[in-house]
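Single-letter residue listing:
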Amino acid sequence: MAIEKSLQAEAPEGEDLNKEEGLEIEIVNPDAVILDDGSAEIILMPGDEADEMMDFDANLIDKLDDREQHILTEELIGLVESDIQSRKDWADTYVKGLDILGFKYEERTAPWEGACGVHSTVLAEAAIRFQAEAMSETFPAQGPVKIKILGKETREKEEAGERVRADMNYELTDRMVEYRPEHERMLYSLGLAGSAFKKVYFDPTLDRQCAIYIPAEDVIVPYGASNIEEAERVTHVMRKTKNELRRLQANGFYADVDMDDPAPYQTDIEERKAEEAGFQLNGDDRYTLYEIHASLVIDGIDDEDDLAKPYVVTLERSTGQLLSIRRNYDEDDELERKRQHFVHYVYVPGFGFYGLGLIHIIGGYAKAGTSLIRQLVDAGTLSNLPGGLKSRGLRIKGDDEPIEPGEFKDVDVPSGSIRDNIMPLPYKEPSQTLLALLNQITTEGRRLGAVADMDISDMSANAPVGTTLALLERTLKPMAAVQARVHYAMKLEFRMLKDIMAENAPEEYGYEPHRGEMTARRQDYETVEVIPVSDPNSTTMAQRVVQYQTVLQMSQQAPQIYNLPQLHRQMIEVLGVKNADKLVPTKDDVKPTDPISENMNALTGTPIKAFLNQDHEAHIATHTSFLQDPMVGGTLGKNPAAQQMMQALQAHIAEHVGFRYRAQLEKKLGAPLPLPNEELVPEIEVELSRLAMEAGQQQSAQNQQQAAAQQAQAKAQDPIIQLKQQEMQIKQQEVQLKAQKDQLEAQIKQAEVQRKAQKDQMDNQIDQQQLEIERQELEIDAQKAGAKMAADRRASNNKLDLEIMKTRVNATNQKRKE
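Residues numbered from 1 in each chain as written. Predicted model: local features only at pLDDT ≥ 70, side-chain atom pairs only at ≥ 80, totals over all residues. Heavy atoms only, no water.

**Details of the overall build of the protein**
What counts, and what does not: The helix and strand labels rest on DSSP assignments: H or I over at least four residues marks a helix, E over at least two residues marks a strand, and numbering proceeds from the N terminus. Contacts were defined at the residue level, with two residues in contact if any of their heavy atoms lie within 4.5 Å. To measure how exposed things are, a 1.4 Å probe is used in the Shrake-Rupley method; for residues, cover is taken only from the protein chains shown.
Of regular secondary structure, the protein possesses 22 helices and 16 strands. Considering only residue pairs separated by 6 or more positions, the protein has 66% of its internal contacts joining residues 24 or more positions apart. Total accessible area on the protein is roughly 53,000 Å²; 52% of this is exposed by carbon and sulfur atoms.

**Re the packing of helix α6 (residues 179–193) against helix α9 (residues 358–384)**
Inclusion rule: Orientation is described by axes fitted as lines to C-alpha atoms, over the contacting stretch for helices, and by angles from 0 to 180 degrees between their N-to-C directions. Roughly parallel means an angle under 35 degrees; roughly antiparallel, over 145; roughly perpendicular, 65 to 115; everything else is oblique. Polar here means any residue outside two lists: the nonpolar Ala, Val, Leu, Ile, Met, Phe, Trp, Tyr, Cys and Pro, and the charged Asp, Glu, Lys and Arg; Gly therefore counts as polar.
Two numbers describe how α6 lies on α9: the axes approach to 6 Å, and their chain directions differ by 55°. Here α6 lies oblique to α9, going by the angle between them. On the side of α6, the interface is formed by G191, L192 and A193, while α9 contributes L358, I359 and H360. The class makeup of the residues in the contact of α6 with α9 is four nonpolar, two polar and no charged.

**As for the sheet that holds strand β4 (residues 195–203)**
Put simply, the rule is: Any two strands with at least two DSSP-identified bridges between them are counted as paired.
The sheet built from three strands is open, its strands ordered β5-β4-β11 with antiparallel pairing. Of all strands in the sheet, those with a lone pairing partner are β5 (208–214) and β11 (342–346), marking the two edges. Each neighbouring strand pair of the sheet contributes to a mean axis angle of 20°, computed without reference to strand direction. Direction of pairing for β4 relative to β11: antiparallel, over a ladder of five bridges. By the bridge assignment, K199 is partnered in β11 with F342. Strand contacts of α6: β4, β5 and β11, with the helix running at about 155° to β4, the strand carrying the most contacts.

**Some points on the packing of aromatic side chains**
Rules: Ring geometry is summarised as follows: Phe, Tyr and Trp rings, the Trp one being its six-membered ring, pair when their centres sit within 6.5 Å, and such pairs are stacked at plane angles under 30 degrees, edge-to-face over 60 and tilted between the two. Counting as a charge over the ring demands two things of the Lys NZ or Arg CZ atom: a distance within 6 Å of the ring centre and an angle within 35 degrees of the ring normal.
In this structure the tally under the stated criterion is eight aromatic pairs. Between F197 and F353, the aromatic rings sit 6.2 Å apart at their centres with planes inclined by 15°, giving stacked as the arrangement. Of this pair, F197 sits in strand β4 while F353 sits in the loop between β11 and α9, and the two are 156 residues apart along the sequence. Pairwise contacts between aromatic rings join W90, Y94, F197, F353 and Y354 into one cluster. K199 extends its terminal NZ or CZ atom over the ring of Y201, reaching a point 5.8 Å from the ring centre. It is R327 that lies over the ring of F56; its NZ or CZ is 5.0 Å from the centre.

**Considering the pairing of β11**
The test is simple: A 1.4 Å probe rolled over the protein chains alone gives each residue an accessible area, and that area as a share of the maximum for its type sets the label: buried under 20%, exposed over 50%, partly exposed in between.
With five of its five residues buried, β11 lies for the most part within the structure. Neither face of β11 is open: one carries F342, H344 and V346, the other V343 and Y345, and all of them are buried.

**Thoughts on a negative patch on the surface**
To keep things clear, this is the line we draw: Here a patch means residues that are over 30% exposed by relative accessible area and free of salt bridges, tied together within 9 Å if like-charged and within 5 Å if nonpolar (Val, Leu, Ile, Met, Phe, Trp, Tyr). Salt bridges are identified by distance alone: a Lys or Arg side-chain nitrogen within 4 Å of an Asp or Glu carboxyl oxygen. Counted as positive: Lys and Arg. Counted as negative: Asp and Glu, with His and the chain ends omitted from the count. For charged residues, the charge sits on one atom: NZ in Lys, CZ in Arg, CG in Asp, CD in Glu.
Taken together, the side chains of E75, D299, D303, E304 and D305 define an acidic patch exposed on the protein surface. Secondary-structure assignment places D299 in the loop between β8 (287–296) and β9 (309–316).

**A word on the nonpolar core**
Applicable threshold: To define a nonpolar core, start from buried Ala, Val, Leu, Ile, Met, Phe, Trp, Tyr and Cys residues and group those joined through side-chain atoms within 4.5 Å.
Within the largest apolar cluster, 69 residues are counted, with the highest numbers of intra-cluster contacts made by L123, Y179, L190 and L497. Ranked by residues supplied to this core, first place goes to helix α12 (residues 465–504) with twelve residues. Residues contacting L190, with those up to four places away along its chain left out, are F130, S195, A196, Y345, V346, Y347 and V486.

**With respect to the pattern of salt bridges**
Considering all chains together, one arrives at 27 salt bridges under this definition. Ionic pairing is found between R339 and D330, a salt bridge with its closest N-O pair at 3.1 Å. Salt-bridge contacts for R690 lead to E694; the nearest nitrogen and oxygen are separated by 3.2 Å. Of this pair, R690 and E694 both sit in helix α21 (residues 682–715), four residues apart, which is roughly one turn of the helix.

**Examining the sheet that holds β8**
The strand order β6-β7-β8-β9-β10 describes an open sheet built from five strands, whose pairing is antiparallel. At either margin of the open sheet sits one strand with a lone partner, and together these are β6 (219–220) and β10 (322–327). In this structure, β6 lies alongside strand β7 (residues 233–240), joined through two bridges in antiparallel fashion. From the neighbouring strand, I220 faces β7, where its bridge partner is T235. Sitting on the sheet, helix α2 (residues 66–86) is in contact with β6, β7, β8, β9 and β10, with an inclination near 95° to β8. Where helix α7 (residues 242–250) meets the sheet, it contacts β7, β8 and β10, and its direction lies at approximately 115° from that of β7.

**Brief notes about unusual backbone geometry**
Although it is not a glycine, D207 adopts a positive phi angle of roughly 60°. Assignment of secondary structure puts D207 in the loop between β4 and β5. Note on D207: relative accessible area 51%, which makes it exposed.

**Focus on the packing of helix α4 (residues 122–138) against α6**
Threshold: Two helices crossing with the near one rotated counterclockwise from the far one by less than a right angle form a left-handed crossing, whereas a clockwise rotation gives a right-handed crossing.
Where α4 contacts α6, the two axes come as close as 8 Å, and the packing angle between them is 140°. Compared by their axis directions, α4 and α6 come out oblique. When you trace α4 past α6, the crossing you get is right-handed. Contacts between α4 and α6 involve L123, A127, I128, F130, Q131, A134, M135 and T138 from the first element and R180, H183, E184, L187, Y188, L190, G191 and L192 from the second. Taken together, the residues that form the contact of α4 with α6 break down as ten nonpolar, four polar and two charged.

**Some details on the environment of A368**
Checked against the element boundaries, A368 lands in helix α9. Placed 248 residues apart in sequence, A368 and S120 show a C-alpha to C-alpha distance of 8.3 Å.

**What about the side chain of Q209?**
Here is the rule we go by: Counted as a polar contact is a pair of N or O atoms within 3.5 Å, where, for protein atoms, one must be capable of donating a hydrogen and the other of accepting one, and residues adjacent in sequence contribute only when both atoms are in side chains.
Secondary-structure assignment places Q209 in strand β5. Side chain to side chain, Q209 and E171 meet in a polar contact 2.9 Å long.

**Quick look at the confidence of the model for the protein**
Cut-off, in case you're wondering: pLDDT measures the predictor's confidence residue by residue and takes values from 0 up to 100.
With 81% of its residues at a pLDDT of 70 or more, the protein shows a mean pLDDT of 78. Per-element averaging of pLDDT across the protein places helix α1 (residues 48–51) at the bottom with 45 and β11 at the top with 94. Ignoring residues within four places in sequence, the model shows residues 1–29, a span with pLDDT below 50, making 19 contacts including any to other chains. Under a pLDDT of 50 for its full length, residues 44–53 has, in the predicted model, nine contacts with residues more than four places off or in other chains.

Set out below in structure tokens:
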């Protein structure tokens, strides 16, 4: 701070600056410089005290001279290059796996021009299926976030949680337009590479939070790190165009230094990815920046004896130009713990920091399958268009063109036949052994890649649900483990997003919020925890449906111990049907209403619920008179669901009776009771039980006295009135008995008519059966007569033939004698 004028200001009119009560300024170790005009420039807070006035999150690059900057960049670039070398084997395997992914057809010239260039699809199939399944589980249409209430659940917390859930889902699905495509890209890359990253931060240019996907090759971590949270150094390789870099410099995020033209830099993984996608990287004119999150002791900022502190250092790779140095911990954090900006998604944990993906797991199967497919296709090509040898003197017209079907070409044969001058090579048909081996390798690859389908057709339709669930769980167990890791990483990501959104959320609404509105205040975020909507215990909707089917079967055995409406609602939500709360309402959705509306809801089967602060005496009286109304009773008697309606209304009355008894005890105690089902300290519960016992005994005695008084009052009524009432009751009973008798006689007559009709119908059926039997017997007699006549005719013919033969024999014998 520089002051170029006298420290003694002008005194207000009428005041003396020489008073003893004047302002005293104590300057400790000031830096003073005498200027040419005789004035003095005094720095009141030299050294570190002036630095403390700087913004805590400011760029600290100006505190280092050129030499210190050069030493720092050289050291950091060396460490980053060492980290790159430590993961070289992982990167080489990844590059080789991209060669057999097969999204780009390969034009081969060996062993001949146009040889087969297809690839096995087992690797691409596993990656695409994992992305599709994980995306449907982690990002449903209604949003990927749900909430978990911290501490005791209250209605206020539930409403605050609903606002937080709606607010975050709105941000992720509508306002953060990049989130869904970035998440899809992350899942696809995660399946192939085994590792993928999300970077969560607040973007001041967009005035909102961001969560961008970073490929595994662009996040460099030392091999020995166990997790990204505890890694000593994390480097994010960023590409920025000249315009993007200038904008960040103009905004003050990076130091305003002159930059040379960018020197393109691409890794082997980037080049192979671009080749698979059909792009060329030759025209890439972006800067390559290293954003290094590390714990450092920086000369010029920290003392030599200080412990390493978290910093974020950004530099340009090719020139080593330092762009920014910022602290990476909160100002009020005495432990100086680093801020987390990265989330590491892992497919399968490997031996080092980076995970193992499908390329590492089934890449060998995909390579072997590719080789076998090409051998089979090439064998078929050679078998259909075989080549061979011919003698030197044989001449074929147009011998450089293949012979088309139905075509005959002229041939000059020097000697002998054509067969003696041409010898085809012994090409074989595609081998069945190779085909079987290809199928086996593909099956093993799909099984290892957790994409094998369970053959439902081989299972019995009568198999128990538990058996089906066990088989399904066994088949999906590897994928369930992967989904659980994705679920955990998303939980960390949502936690970072929640902290950023809470930090920028308003302190107050400014209006009275309604339940379910999207806007949430900072206090709302502090009462809940956000978690992914995905279920780490089940990977597919089919598995969850089978689980709920098992529970539904169990509930049929003991329905009284299950909350069936809630169970059915969860089943509907699992099936993905919208508005499950409207299809299956539960008591949790009921709001306080008047007793008449409750009576109407009971008739329609809508859940009803008593609340603590209602007028229970009025509710009980209204519901009781409703049940005693003969018109209502007569109408309900014709309804098949009348018993369930009565039971629901009687149970509701019992709730009001319980709340009324609670209110009576509170009057006896002179103090409010804890909320129902509230967990109490054992000492308080014991004392409250003792007080409740005494108040209950007093209330019971009071109720008994009131009941006795009512009975005495009833006995004190006029005997003539009582006699008339009894006579009217007897007449009503006689009328009811007569009506019941008439109804019973009508039912008996109707039953006799039905029984006579059934008897006549049975007699008709017996007569028809008897006629049918007689008709069949006549047909059998006719068949027997026909058969007998045919047999007699054949016997007669045979006898005649025998007589003719005898006559002929006798004639022949007579001739012989003559």
